[in-house]
Amino acid sequence: MAFPMRFHGNIYCRTPNSRDTSSASYTKATRWLRDEAWYDIHPYSLAVWPHRYAEILRRGNWWFQRSNYACIALELQSEGETVCESEGRREVLHPGELYVTLPGRDVRFSSGSSKFGRQFQLVISGGMVKLLVESLGMTECRKVVFGRSGELEELRSRFARIAELLAARRQEQAAENSQLGYAIILGLAEKYSFSVGTDLPSVLTHAVWAMEADRGCHQSVSRLAADLGTSRATLTRMFRNFLGISPQAYWNKLRMESAVQLVRAGQLSFKEIAEQLGFRNSLYFSTVFHRYTGLTPTAFRARGLEETAGEMSSSPRH
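Described below are features of the structure shown in this document. The written sequence of each chain sets the order in which its residues are numbered from 1. Predicted model: local features are reported for residues with pLDDT of at least 70 only, side-chain atom pairs are reported and counted for 80 or more only, and whole-chain, interface and lining totals are derived from all residues. As a rule here, side-chain values cover all heavy atoms of the structure and leave hydrogens and water aside.

1. Quick look at the packing of helix α5 (residues 202-213) against helix α8 (residues 247-265)
Packed helices, taken two at a time, are described by the angle their axes make and the gap between the axes.
Part 1: Following both chains from N to C, one finds α5 and α8 inclined at 40 degrees, their axes separated by 10 Å at the closest point. When the axis of α5 is compared with that of α8, the two are oblique. Taken as a pair, α5 and α8 cross one another with a handedness that is right-handed. When α5 is examined against α8, the residues Val208, Met211 and Glu212 are found in contact with a partner set consisting of Pro247, Tyr250, Trp251 and Leu254. As a rule, the C-alpha atoms of each element are fitted with a line to give its axis, helices using only the stretch in contact, and angles between N-to-C directions run from 0 to 180 degrees. Numbered from the N terminus, helices here are DSSP runs of H or I no shorter than four residues, and strands are runs of E no shorter than two. Oblique is the label for every angle not falling under 35 degrees (roughly parallel), over 145 degrees (roughly antiparallel), or within 65 to 115 degrees (roughly perpendicular). By the definition used in this description, the sense in which the near helix is turned from the far one sets the handedness, with an anticlockwise turn below a right angle giving left-handed and a clockwise turn giving right-handed. For this analysis, residues touch if any pair of their heavy atoms sits within 4.5 Å.

See the structure below:
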């Protein structure tokens with residue numbers, strides 16, 4: 001059984017080659033105990049946006065595969081077990097353990113020996129997600145085990161709060177939902193680094209968070225460093241050592257990824273996008289955008305509309 005990722009509102013949480021496949025027994029084996037979703041909340045859905053929370057119970061023999069996944073998916077095992085396979089690595093997920101699916105990767109899930117499993121699932125999308133996980137060194141889909149006191153409880157608490165926010169769908173709470181998504185990703189990045197003996201400095205994670213909040217680069221790297229209680233030289237060294245990029249270059253990449261998403265979304269004029277992202281005028285914005293993407297904003301938006309129309313017309317209904 002094969003099917004493309006479903007569309008909900010604007011198409012932003014998939015790539016053209018993203019596909020899900022499953023065994024014929026998957027639907028019968030799966031019971032959705034809870035399913036909360038909230039999509040396309042501008043501008044948060046253009047950055048980092050936890051858009052779906054689910055509680056899933058599975059019994060019997062089944063398998064399910066994500067191919068070229070476009071989001072981050074987090075599966076927190078509650079009961080039973082689930083087998084997870086990616087890039088030749090096979091891991092069994094037990095209660096209290098988390099599995100991370102990263103953008104652009106293929107993962108296959110299947111029933112374990114107990115033929116029973118219950119999970120809490122969280123899906124995080126947004127234009128910054130792929131850039132964020134790559135820059136933070138999250139390079140592979142894998143199981144995460146929580147050893148430090150309070151880590152698992154904190155994650156469960158964040159999952160529960162996101163579920164509440166998705167169910168309520170209150171515009172004034174959208175920022176909190178996005179911030180929780182960031183906190184979860186940054187926490188997982190520390191777990192990835194810790195497993196190879198390198199802990200991410202808290203100053204660095206706070207810097208990344210602050211840069212996302214100011215995608216228009218309205219303040220300088222020196223001012224950001226001062227606000228974080230460190231020097232520009234120290235902050236630059238952290239970025240180069242852990243992320244392989246300078247703070248200003250990272251900030252510029254965030255800004256241009258925002259520009260790409262805002263142009264694609266089509267909700268703002270190019271002048272409004274330029275002002276929001278801190279460009280001195282729309283002509284300069286167009287020049288920088290062309291240098292980054294190879295297309296002018298007008299051509300990029302037109303191409304996106306053509307691709308969307310083609311995908312919608314060729315996609316089967318479910």
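Now that the structure has been shown, the text picks up again.
2. Here's the deal with unusual backbone geometry
Part 1: Of note, Glu87 is a non-glycine position whose phi angle comes to about 50 degrees, a positive value.
Part 2: With respect to the helices and strands, Glu87 occurs in the loop between β7 (82-86) and β8 (89-93).
Part 3: Only protein chains enter the area calculation, which uses a 1.4 Å probe; residues under 20% of their type maximum are buried, those over 50% are exposed, and those in between are partly exposed. For Glu87, a relative accessible area of 61% gives the class exposed.

3. Overview of the sheet that holds strand β9 (residues 98-101)
Part 1: Strand order in the open sheet made by the six strands is β3-β4-β11-β6-β9-β12, with antiparallel pairing throughout. Taken across any chain shown, the strands that pair with only one partner, and hence form the sheet edges, are β3 (30-37) and β12 (142-144). Adjacent strand axes in the sheet meet at a mean angle of 20 degrees, parallel and antiparallel pairs treated alike.
Part 2: One ladder, built from seven bridges, connects β3 with strand β4 (residues 49-59); its direction is antiparallel. Looking at β4, one finds that Arg34 is bridged to Glu55. A pair of strands is treated as paired once DSSP finds two or more bridges between them.

Geometry only, nothing functional implied.
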